[in-house]
Amino acid sequence: MSQKTLRFAVILAGCGNKDGAEIHESVLTLLSIDRAGHQYQCFAPDVPQARVLNFLTNEEMKEKRNVLLEAARIARSKIKPLADFDQNNFDVLVMPGGNGVAYNLCTFAADGDRMSVLAAVESAVRAMHQAGKPIGALCISPVIIAHVLKTVSVTFGKDEKINAIFQKSGTKTANCGASGIVMDRKNKIVTTPCYMLDARISEISEGIDKLVQELIKLSVILSEAKDLKVS
């Protein structure tokens, strides 16, 4: 029997590691999904970007940008507003990292443990989780998973400060190398630290490949369980 083609929803936080989605992590995620023979659809919230940085000087710029328009650069224009996301059309949800996650998709960068999550992002995470579908989070993105779902297991690399923040609300954290992953089989969540650590792109790629492969396995298990119920 041929393997079912899975559909991945990928949420991007803009374009560029300092104020948007981390480009390496985003592209390697899409590449890994495609190489595995599956499909992806990119999404981003249609909202103003929280800040715009000069990537050479790290100085904040006065210009205004839109998260969806910036993310479209990574997606080669094949992207949809996150408001159009419907969990019924997807098997897996993945969120690459980048500082835009902590500024544009939530307020963790500014508010820490008092953070809030953009409503459309929280809705997507809750919908997939309630449907029992796998979720992957890279780099800093597990802050959203931990905040929304609380009692889950994730990794923030080896950042003990962030570990401590989310452990208070019941999240289990595990230190992990850049090429490793942390599995929460009960909640069908897979995380990898990527550039939370001083890592090489080859290490990032290895961790992302492992994450995507585990998400595929979790989705196949879910599909097989549904088939058994039907029969």
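Residues numbered from 1 in each chain as written. Predicted model: local features only at pLDDT ≥ 70, side-chain atom pairs only at ≥ 80, totals over all residues. Heavy atoms only, no water.

Student: Got a sec to walk through the pattern of salt bridges? Specific residues and values, please.
Tutor: Using the criterion set out here, one finds 8 salt bridges in the structure. Here Glu-122 and Arg-126 are joined by a salt bridge, their closest N and O atoms 3.0 Å apart. Here the residue Glu-122 and the residue Arg-126 both occupy positions in helix H5 (residues 119-130), the gap between them amounting to 4 residues, near one helical turn. Its relative accessible area of 24% is what places Glu-122 among the partly exposed residues. A salt bridge links Glu-214 to Lys-217; the nearest nitrogen and oxygen atoms lie 3.5 Å apart. Taken together, the positions of Glu-214 and Lys-217, both in helix H8 (residues 201-230) and 3 residues apart, correspond to about one turn of that helix. A residue is classified by how much of its surface remains accessible, and Glu-214, at 16% relative accessible area, is buried. In this structure Lys-217 comes out as partly exposed when scored by relative accessible area, which is 46%. (Salt bridge = Lys/Arg side-chain N within 4 Å of Asp/Glu carboxyl O. Helix = DSSP H or I, 4+ residues; strand = E, 2+ residues; numbered from the N terminus. Buried < 20%, exposed > 50% of the residue type's maximum accessible area, 1.4 Å probe, protein only.)

Student: An account of the packing of aromatic side chains is needed here, citing residue identities and associated values.
Tutor: Two aromatic rings are characterised by how far apart their centres lie and by the angle between their planes. For the structure on display, the rule yields 5 aromatic pairs. Ring centres of Phe-43 and Phe-90 lie 5.5 Å apart, and the angle between their planes is 80°; on these two criteria the pair is classed as edge-to-face. You can see Phe-43 sitting in strand S2 (residues 39-44) and its partner Phe-90 sitting in the loop between strand S5 (79-81) and strand S6 (92-95), a full 47 residues away along the chain. Measuring from centroid to centroid gives 5.6 Å for Phe-85 and Phe-90, while their planes differ by 15°, and the two rings are stacked. Neither Phe-85 nor Phe-90 differs from the other in exposure class; each is buried. Among the aromatic residues, ring-to-ring pairing joins Phe-43, Phe-85 and Phe-90 into one connected group. (Phe/Tyr/Trp six-rings, centres within 6.5 Å; stacked < 30°, edge-to-face > 60°.)

Student: Which residues make up the packing of H5 against helix H6 (residues 142-149), and what values do they have?
Tutor: The angle between the axes and the distance between the axes are what describe a pair of packed helices. Direction vectors running N to C along H5 and H6 enclose 70°, while the axes themselves pass 10 Å from each other. With respect to each other, H5 and H6 are oriented roughly perpendicular. Contacts between H5 and H6 involve Val-121, Glu-122, Val-125, Arg-126 and His-129 on the former and, on the latter, Ile-144, Ile-145, Val-148 and Leu-149. In terms of residue class, the contact of H5 with H6 is built from 6 nonpolar, 1 polar and 2 charged. (Axes fitted to C-alpha atoms, helices over the stretch in contact; angles between N-to-C directions. Parallel < 35°, antiparallel > 145°, perpendicular 65-115°, else oblique. Contact = heavy atoms within 4.5 Å. Nonpolar A, V, L, I, M, F, W, Y, C, P; charged D, E, K, R; others polar.)

Student: Just give me the short version of the pairing of strand S1 (residues 7-11), but keep the residues and values in it.
Tutor: For S1, a buried count of 4 out of 5 residues is recorded, marking the element as mostly surrounded by other parts of the structure. In this structure, S1 lies alongside S2, joined through 5 bridges in parallel fashion. The residue bridging Phe-8 from the neighbouring strand is Tyr-40, located in S2. Summarising the sheet, S1 and S6 pair through 3 bridges and their orientation is parallel. Looking at the pairing, Phe-8 lines up with Val-92 of S6. (Pairing = 2+ DSSP bridges.)

Student: Outline the side chain of Ser-32, listing residues and values.
Tutor: Looking at the element boundaries, Ser-32 is found in helix H1 (residues 23-35). Take Ser-32: its relative accessible area is 4%, and that puts it in the buried class. At a separation of 2.7 Å, a polar atom in the side chain of Ser-32 contacts the side chain of Asp-209. Excluding anything up to four places from it in sequence, Ser-32 contacts Ile-208, Asp-209 and Val-212. (Polar contact = N/O pair within 3.5 Å; in protein donor to acceptor, adjacent residues only side chain to side chain.)

Student: Help me get a handle on the environment of Met-115, residues and values and all.
Tutor: As for its placement among the helices and strands, Met-115 is situated in the loop between helix H4 (108-111) and H5. Setting aside chain neighbours within four positions, we find Met-115 in contact with Cys-106, Thr-107, Phe-108, Val-143, His-147 and Phe-166.

Student: Outline the pairing of strand S7 (residues 135-138), supporting the account with residue identities and numerical values.
Tutor: Burial along S7 is two-sided: the residues Ile-135 and Ala-137 and Gly-136 and Leu-138 are all buried. Note: S7 against strand S11 (residues 189-192), 4 bridges, orientation parallel. In the sheet register, Leu-138 faces S11, and the bridge partner there is Thr-192.

Student: A description of the environment of Ile-189 should follow, citing residues and the corresponding values.
Tutor: Within the fold, Ile-189 resides in strand S11. When near neighbours in sequence (up to four residues on either side) are disregarded, Ile-189 contacts Ile-135, Ile-145, Leu-149, Val-152, Ser-153, Val-154, Val-182, Met-183 and Asp-184.

Student: Tell me about the side chain of Asp-19, and please be specific about residues and values.
Tutor: Structurally, the position occupied by Asp-19 is in the loop between S1 and H1. The buried charged residue Asp-19 lacks any salt bridge partner; its closest oppositely charged side chain belongs to Arg-65, at an N-O distance of 5.1 Å. Within polar-contact distance, the side chain of Asp-19 engages the side chain of Gln-49 at 3.5 Å. Beyond its immediate stretch of four places on either side in the chain, Asp-19 contacts Ala-13, Gln-49, Arg-51, Val-52, Leu-53, Phe-55, Asn-99, Gly-100 and Asn-104. (Lys, Arg positive; Asp, Glu negative; His and termini not counted.)

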